[in-house]
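Now for the letters of each chain:
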Amino acid sequence: MAHIIVVGNEKGGSGKSTTSMHVATALARMGHKVGGLDLDLRQRSFGRYVENRLAYMAREGLDLPTPDYRTLPEVDAASLAPGENPYDHRLSTAVAELDPICDFVIIDCPGSHTRLSQVAHSLADTLITPLNDSFIDFDLLARIDPETSKVTGPSIYSEMVWSARQLRARAGLKPIDWIVLRNRMGAQQAHNKRKVGEALDQLSKRIGFRVAPGFSERVIFRELFPRGMTLLDLRDLGVENLNISNVAARQELRDLVKTLDLPGVTVDF
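Every value quoted in this text rests on a predicted model; they were computed, and no experiment measured them.

(A) Summary view of the overall build of the protein. The secondary structure content of the protein amounts to 9 helices and 9 strands. Summarising its shape, the C-alpha atoms of the protein cover approximately 60 × 55 × 35 Å along the three principal directions. Looking at the 269 residues of the protein, the share that counts as buried comes to 49%. Across the protein, the fraction of contacts at a sequence separation of at least 24, relative to all contacts at a separation of at least 6, is 75%. Distance from the positive charge centre (33 side chains) to the negative charge centre (34 side chains) of the protein: 4 Å.

In C-alpha cells:
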C-alpha cells in the first residue's frame, strides 16, 4: 500500500503547493514511485506546477523524475450508492488507482475547509501543515491569549485533525504523523520568531504534532514555478555553480525530508 502524505492548511499562501512539489520530486529523484493529487479544484496550483514541468521537459527534451499526477475522475451520479457523497467517491477512486503502483501519494489540499480536504485528512499517514511563521497564521492551529501569548484552546482546523485521528483509530489504522512546518522564518523578526516557537512547542505537547523548519522566503521559488522545476533540478537547467541562497534552500529541503522520516526513504541528495 502507498504511504499517503497530505499537505493541508486552511489558509492560503503558506507554501502548500511548493512543499508538495518539492517533497514529491525529491522522493521521485530518490527512486520512489510517487503519485500526486490536487484537491483545490479551482486554483490547482500543485496540478499546474506538474503540468508546467511536463511542458518544459517536452520543450527542452528533458526526462526528469516527476510525480504521476492525476486529476480526480468525474463520477456518474447514477453509479453512486444511496447517500454516497460524489466527492468521497472521486477521491477514493483516484487513491485506489494510485495505491497499487506508488510508494507514496501526495495530496495537496485547498486553503479552505472542504469535504474533500476533510476526507483527505482521514487518509493521511503523514500530515504536513505548512505555516507562515507568525501569530496571524498560528491562529490556524489554536486560539491564543493576546496578553500572555498562552494557548487557550485548539482551532477548528486542529479539531478537524483530531476528528480524522479518531476516524483512523476506529478503523484500526495507524495514527497520523502530524508535522507543522515553519515557513518563511525571517532573521529580522527574531523576537517574534522566538515567541511563535514557544507557542508551537507548548501546543505540540497538547495536541500532538512535531515541529519542523520549512522554507525561507526566497525569489528562487517564484522563478521555478513557471517551468515546473524544483531546487533539485537546478543542475539539469545548466546551473553548475549554485549561489549561497540556492545551497541553503537545498539544505532546507534535505532537512525537511529527513524530518518526515518516511518509510524506506534514505536521503541521498
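(B) Examining the pattern of salt bridges more closely. For the structure shown, the criterion picks out 13 salt bridges. With a shortest N-O distance of 3.0 Å, E217 and R222 are connected by a salt bridge. According to the relative accessible area criterion, R222 is exposed, its value standing at 53%. One network of salt bridges, in which partners are shared, links R29, R53, D233 and D236.

(C) The arrangement of the nonpolar core in detail. Ranked by internal contacts, the top residues of the largest apolar core, which has 40 residues, are L27 and I106. For this core, the secondary structure elements donating two or more residues are β1 (3–7), α1 (16–29), α2 (45–60), β4 (104–108), β8 (177–183), α8 (219–224) and α9 (244–260). For this core, the element with the most residues is α1, which contributes 6 residues. Not counting chain neighbours up to four residues away, the residues in contact with L27 comprise I5, H32, V34, F104, I106, L262 and V265. Formed by 37 residues, the second largest nonpolar core is a distinct cluster that contains A2, V6, L127 and I176.

(D) Quick look at α9. Relative to the 24 Å expected for 17 residues at 1.5 Å per residue, α9 spans 25 Å between its end C-alpha atoms, a close match to the ideal helical length. N246, A249, R250, E252, L253, R254, L256, V257 and L260 are the residues of α9 that are buried. For α9, the N-terminal capping position is held by N243, with its side-chain oxygen 3.1 Å away from the main-chain nitrogen of S245. Looking one or two residues past α9, D261 carries a phi angle of roughly 50 degrees, positive in sign.

(E) How the structure looks around the packing of aromatic side chains. Taken as a whole, this structure holds 5 aromatic pairs when the rule is applied. Each residue in the set Y157, W178 and F209 is aromatic and connected to the rest through ring pairs, giving one cluster.

(F) Region of interest: the sheet that holds β8. If you trace the 7 strands from one edge of the open sheet to the other, you get β3-β2-β4-β1-β5-β8-β9, paired in parallel fashion. Of all the strands in the sheet, just β3 (68–70) and β9 (210–213) have a single pairing partner and so form its edges. Neighbour to neighbour, the strand axes of the sheet diverge by 25 degrees on average, direction disregarded. Relative to β4, β1 runs parallel, the two sharing 5 bridges.

(G) Representation of the packing of helix α3 (residues 86–98) against helix α4 (residues 115–123) in the model. α4 packs onto α3 with a crossing angle of 40 degrees between their chain directions and a minimal axis gap of 9 Å. Considering their axes alone, α3 and α4 lie oblique with respect to each other. Note that α3 runs across α4; the crossing there is right-handed. Contacts from Y87, D88, L91 and V95 in α3 reach R115, L116, V119, A120 and L123 in α4.

(H) Broad picture of the state of the cysteines. Using the criterion set out here, one finds 0 disulfides in the structure. C102 supplies the cysteine sulfur nearest to C109, a cysteine that is in no disulfide, at a spacing of 17 Å.

(I) Examining the packing of α1 against α2 more closely. The contact between α1 and α2 brings their axes to 8 Å, and the two run at 45 degrees. Classified by the interaxial angle, the pair formed by α1 and α2 is oblique. Once α1 is placed against α2, the crossing between them reads as right-handed. Residues S17, T18, S20, M21, H22 and T25 of α1 lie in contact with α2, whose contacting residues are S45, F46, Y49, V50 and R53. When its residues are assigned to classes, the contact of α1 with α2 shows 4 nonpolar, 6 polar and 1 charged.

(J) Region of interest: the pairing of β8. Burial of β8 is extensive: 6 of the 7 residues sit out of reach of the surface. In terms of strand pairing, β8 meets β9 through 4 bridges, oriented parallel. Following the sheet pairing, I179 is matched in β9 by R210.

What counts, and at which threshold
- Residues numbered from 1 in each chain as written.
- Predicted model: local features only at pLDDT ≥ 70, side-chain atom pairs only at ≥ 80, totals over all residues.
- Heavy atoms only, no water.
- Helix = DSSP H or I, 4+ residues; strand = E, 2+ residues; numbered from the N terminus.
- Buried < 20%, exposed > 50% of the residue type's maximum accessible area, 1.4 Å probe, protein only.
- Contact = heavy atoms within 4.5 Å.
- Lys, Arg positive; Asp, Glu negative; His and termini not counted.
- Charge placed at Lys NZ, Arg CZ, Asp CG, Glu CD.
- Salt bridge = Lys/Arg side-chain N within 4 Å of Asp/Glu carboxyl O.
- Core = buried A, V, L, I, M, F, W, Y, C linked by side-chain atoms within 4.5 Å.
- Expected span 1.5 Å × (residues − 1).
- Polar contact = N/O pair within 3.5 Å; in protein donor to acceptor, adjacent residues only side chain to side chain.
- Phe/Tyr/Trp six-rings, centres within 6.5 Å; stacked < 30°, edge-to-face > 60°.
- Pairing = 2+ DSSP bridges.
- Axes fitted to C-alpha atoms, helices over the stretch in contact; angles between N-to-C directions.
- Parallel < 35°, antiparallel > 145°, perpendicular 65-115°, else oblique.
- Left-handed = near helix turned anticlockwise from the far one by under 90°.
- Disulfide = S-S within 2.5 Å.
- Nonpolar A, V, L, I, M, F, W, Y, C, P; charged D, E, K, R; others polar.

Read these as layout, nothing more, since geometry by itself doesn't imply function.
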